[in-house]
Every structure is written in C-alpha cells, then in structure tokens.
Amino acid sequence: MSSTTATVLIVLAVLAASVLVGRVLVWAVLSRVEPGPAVPGVLRGGAWIGMLERLAITGSVLVNFPEAVAVVLAVKGLGRYPELREAHPDRRSPAAERFIIGTLASYSWAGLCGVVGMLLLGTVS
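What you see is a predicted model, and the numbers here were worked out from it, not measured in a lab.

Undergrad: Honestly, the overall build of the chain in this entry has me stumped. Any pointers?
TA: Along the chain, the regular secondary structure elements total four helices and zero strands. Across the chain, helices and strands are ordered from the amino to the carboxyl terminus as α-α-α-α. A buried classification covers 30% of the 125 residues belonging to the chain. Taking contacts inside the chain between residues at least 6 apart in sequence as the whole, the part at least 24 apart equals 83%. About 8000 Å² of surface is accessible on the chain, with carbon and sulfur atoms providing 71% of the total.

The structure is reproduced here in structure tokens:
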C-alpha cells in the first residue's frame with residue numbers, strides 16, 4: 001500500500017470515528033447526566049450540528065490549524081445564544097446545561113480523534 005493511500009485511509013477513518021463514534025459518545029454522556037427523554041424542541045438540530053462541528057474540529061487538527069477550533073466554538077455559541085437566552089431569561093436554562101455538557105464532550109472527542117490521527121499520520125510519513 002502506498003503512503004498516499006495509507007494517508008487517505010487514516011484521514012477518512014479518523015474523521016468517521018470522530019463523527020459517528022462521537023455521536024454515540026455524546027448521546028451516552030447526555031443521557032447519563034440528564035436521564036429521561038429529551039425535551040422536544042430544545043436545541044433542535046443539535047445532533048447534526050454536533051456531527052458537523054466534530055468534522056470541522058478533527059479536520060482542523062489534522063491539517064495543523066487548531067485556531068479553527070476557536071472559530072467553530074464562536075460560531076456555535078453565537079448561533080445558539082438567542083435560543084439559550086430566550087428559554088429562561090430570568091433563571092438558569094436546562095438547555096444551557098445540555099449545550100455546555102454536549103459541546104465539551106463533543107469537542108473533547110473531536111480533539112482526541114485529531115491528535116490520534118496526527119500520531120497515526122506521523123507513522124506513515
């Protein structure tokens with residue numbers, strides 16, 4: 001197998017693990033912290049947003065551009081802020097806690113996948 005083929009396979013495997021395994025991992029963390037069914041309508045689209053952000057974060061680490069993680073976090077925070085603020089303007093929102101826990105679990109997994117991918121790519125070069 002050529003080193004180019006190995007590189008492509010490693011990158012695809014790491015990105016897939018980040019997105020797909022990350023989805024299961026985040027779901028497990030959130031169900032452990034917040035047992036019971038999710039509240040309908042709270043943070044809609046979160047699973048899709050999570051998969052895309054893990055893809056972006058792992059990809060940015062793989063291409064050695066970790067500054068992009070700050071951009072992803074800023075865009076997500078700014079995009080979700082109105083929704084989180086409107087839920088309970090006078091008290092702490094359960095959606096805000098779900099947002100923080102899910103985001104930290106998701107970003108931690110994506111970063112770990114990126115670092116593992118970089119280590120694997122270092123062995124191919």
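After that view of the structure, there is still more to cover.
Undergrad: Is there a simple way to explain the confidence of the model for the chain in this structure?
TA: Chain-level statistics for the chain give a pLDDT mean of 84 and a share of 79% at 70 or above. Mean pLDDT per element in the chain: helix α3 (residues 67–87) is the minimum at 77, and helix α1 (residues 3–33) is the maximum at 94.

Undergrad: What is the right way to read the UniProt feature "transmembrane region" (unreviewed entry) in the chain from this model?
TA: As annotated by UniProt and renumbered to match this structure, "transmembrane region" (unreviewed entry) occupies residues 55–78 and 99–121. Segment residues 55–78 splits into 83% helix and 0% strand. End C-alpha atoms: 19 Å apart. The distance from the first to the last C-alpha atom of residues 99–121 is 32 Å, and the span holds 100% helix and 0% strand.

Undergrad: I tried to follow the packing of α1 against helix α2 (residues 46–62) on my own but got confused; where do I start?
TA: In helix packing, the relevant descriptors are the interaxial angle and the interaxial distance, both defined with respect to the helix axes. Across the interface, α1 lies against α2 with an axial gap of 9 Å and an inter-helix angle of 145°. As for how α1 packs across α2, the hand of that crossing is right-handed. Between α1, through Val 11, Val 14, Leu 15, Ser 18, Val 19, Gly 22, Arg 23 and Val 26, and α2, the contact on the second element is made entirely by Ala 47, Met 51, Arg 54, Leu 55, Thr 58, Gly 59 and Leu 62. Looking at the contact of α1 with α2 residue by residue, the classes come out as nine nonpolar, four polar and two charged.

Undergrad: Please explain α2 as it appears in this structure.
TA: Each α-helix winds once per 3.6 residues, and so residues spaced three or four apart point in a common direction. Here α2 contains 17 residues, and its C-alpha end-to-end distance of 24 Å stays within 8% of the 24 Å for a straight helix at 1.5 Å per residue. Those residues of α2 lying buried are Gly 50, Met 51, Glu 53, Arg 54, Ile 57, Thr 58, Ser 60, Val 61 and Leu 62.

Undergrad: Help me understand the pattern of salt bridges in this model?
TA: Pairs may arise between side chains of opposite charge once their charged atoms sit close together. Going through the model one piece at a time under the given rule, you end up with one salt bridge. The shortest N-O distance in the salt bridge between Lys 76 and Glu 53 comes to 3.2 Å. Taken as a pair, Lys 76 in helix α3 and Glu 53 in helix α2 lie far apart in primary sequence, 23 residues in all. A single burial state applies to Lys 76 and to Glu 53, both of which are buried.

What counts and how
Residues numbered from 1 in each chain as written. Predicted model: local features only at pLDDT ≥ 70, side-chain atom pairs only at ≥ 80, totals over all residues. Heavy atoms only, no water. Helix = DSSP H or I, 4+ residues; strand = E, 2+ residues; numbered from the N terminus. Buried < 20%, exposed > 50% of the residue type's maximum accessible area, 1.4 Å probe, protein only. Contact = heavy atoms within 4.5 Å. Areas by Shrake-Rupley, 256 points an atom, 1.4 Å probe, with all protein chains shown as cover. pLDDT = per-residue confidence, 0-100. UniProt positions renumbered as here; feature names shortened; annotations may be inferred. Axes fitted to C-alpha atoms, helices over the stretch in contact; angles between N-to-C directions. Left-handed = near helix turned anticlockwise from the far one by under 90°. Nonpolar A, V, L, I, M, F, W, Y, C, P; charged D, E, K, R; others polar. Expected span 1.5 Å × (residues − 1). Salt bridge = Lys/Arg side-chain N within 4 Å of Asp/Glu carboxyl O.

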